[in-house]
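# Descriptive structure summary
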Amino acid sequence: MRRLFTGLTAATLLVTATACGSSDGSGSSGGTTSSGGTTTVKVGIIPIVDVAPLYLGQQKGFFSERGLKLSLTLAQGGAAIVPGVVSGQFQFGFSNVTSLMIAQSNNVPVEAVVNGIASTGVAGKDFSAITVKKDSPIKSAKDLEGKKVAVNTLKNINETAVRESVRKAGGDPDKVDFVELAFDQMPAALDSGQIDAAQVVEPALATVKSQGGAEIAWPMVDVAPNCTVAMYFTSTQYAQQNPELVKKFQEATAESLAYADAHPDEARQIVTTYTKIPADVLAKVTLPKWPAEANRASIEALMKLGEEDGLFKQTPDLDKLLP
């Protein structure tokens, strides 16, 4: 994944499971507009807790009030969503900020339009953690040297964050054996011993803990206080051609983020509509933060780590990337 935009082949990673809304139409010109004046826009997302606000916002009418209908399509990670947005397969996408910075450093024309999620900033109480199976001899991130650690996408935000946790624990991140695995496959792989540790996010984190697994580090907390982890984005071309639609999406998403942050029980419940998490496990899910504004200092910290890890061809231009 180091070369994120090799043609558009990464788009083949997309799971063609439409989770919500219409599957009609696409194109980069502005989505599909019905006779009633509602525009359907396709959004590439990941089936994790992070995107609960979009589902809530659709349910509460925040998007329909602005003449928008969302067609949500699931993918494994942000690196797979970027090519889909640039090619016009999606009008918007959800991606971690490192994927967006990698894309920009490869001259891929993308720009963030609205905030996505942030870490809680609290070790032991974050939505993202490095986990090990029950009775594992691994007790800290330093112990990951020589071990097989799963991340959802290689050479991206989770690998970079895990490497920072290893450094802070006094270990050598270059000695860690990183493997790529979808979040929802990590609990079973961890429990069966196929991997030694997994960098998981909710709801996979709650599943791991329900199996008796333990958390040993919280990488997003190690990266920066209240770290901005992901944002919603579009292509530069789409933003230039459809400024009003982008503005409507920004406004509806911002309202959705605020609602989710203020109504955690509803945010938790809607996760059941797009994941298979059992009710008893859902109750133990740790929610991320959904602030209205991105934390630029934390994105700069991620950029510095990405540069140290050799992820970028050139230094990303955050003034052009961020809204």
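Residues numbered from 1 in each chain as written. Predicted model: local features only at pLDDT ≥ 70, side-chain atom pairs only at ≥ 80, totals over all residues. Heavy atoms only, no water.

With that settled, consider the pattern of salt bridges. Side-chain pairs of opposite charge can arise where the charged atoms are in close proximity. Scanning the model with the defined rule gives 10 salt bridges in all. Where Glu 164 meets Arg 167, a salt bridge forms, and the shortest distance between an N and an O atom there is 3.1 Å. With Glu 164 and Arg 167 both in helix α4 (residues 157–168) and 3 residues apart, the pair spans about one turn of that helix. A residue is classified by how much of its surface remains accessible, and Glu 164, at 13% relative accessible area, is buried. Given the relative accessible area of 28%, Arg 167 is considered partly exposed. Here the salt bridges share partners, and the residues they tie into one network are Arg 163, Glu 164, Arg 167, Asp 174 and Asp 309. (Salt bridge = Lys/Arg side-chain N within 4 Å of Asp/Glu carboxyl O. Helix = DSSP H or I, 4+ residues; strand = E, 2+ residues; numbered from the N terminus. Buried < 20%, exposed > 50% of the residue type's maximum accessible area, 1.4 Å probe, protein only.)

Bringing helix α3 (residues 97–105) into the picture now. By the criterion of burial, α3 is predominantly enclosed, with 9 of the 9 residues buried. Turning to α3, its buried residues are Val 97, Thr 98, Ser 99, Leu 100, Met 101, Ile 102, Ala 103, Gln 104 and Ser 105. The N-cap of α3, judged by a side-chain oxygen 3.0 Å from the amide nitrogen of Thr 98 a few residues on, is Asn 96. At the C-terminal side of α3, Asn 107 shows a positive phi close to 60°. (Polar contact = N/O pair within 3.5 Å; in protein donor to acceptor, adjacent residues only side chain to side chain.)

Below, the discussion takes up the packing of helix α1 (residues 52–60) against helix α9 (residues 243–262). It is at 8 Å that the axes of α1 and α9 come closest, and there the two elements cross at 105°. Compared by their axis directions, α1 and α9 come out roughly perpendicular. Residues Pro 53, Leu 54, Leu 56, Gly 57 and Lys 60 of α1 form the contact with α9, whose own contacting residues are Thr 253, Ser 256, Leu 257, Tyr 259 and Ala 260. In the contact of α1 with α9, the residues fall into 6 nonpolar, 3 polar and 1 charged. (Axes fitted to C-alpha atoms, helices over the stretch in contact; angles between N-to-C directions. Parallel < 35°, antiparallel > 145°, perpendicular 65-115°, else oblique. Contact = heavy atoms within 4.5 Å. Nonpolar A, V, L, I, M, F, W, Y, C, P; charged D, E, K, R; others polar.)

Next up on the list: the packing of aromatic side chains. Scanning the model with the defined rule gives 7 aromatic pairs in all. A centroid spacing of 5.5 Å and a plane angle of 80° characterise the contact between Phe 92 and Tyr 238, whose relative ring orientation is edge-to-face. With Phe 92 in strand β5 (residues 92–96) and Tyr 238 in helix α8 (residues 236–241), the pair connects residues that are 146 residues apart, well separated along the chain. Of the two residues examined, Phe 92 and Tyr 238, each falls in the buried class. Ring plane angle 55° and centroid distance 5.0 Å describe the contact between Phe 94 and Tyr 232, whose orientation is recorded as tilted. In this pair, Phe 94 sits in strand β5 while Tyr 232 sits in strand β12 (residues 228–235), placing the two residues 138 residues apart along the sequence. No difference in accessibility class separates Phe 94 from Tyr 232, as the two residues are buried. One aromatic cluster is present, formed by Phe 63, Phe 92, Phe 94, Tyr 232, Tyr 238 and Phe 249 through successive ring pairs. (Phe/Tyr/Trp six-rings, centres within 6.5 Å; stacked < 30°, edge-to-face > 60°.)

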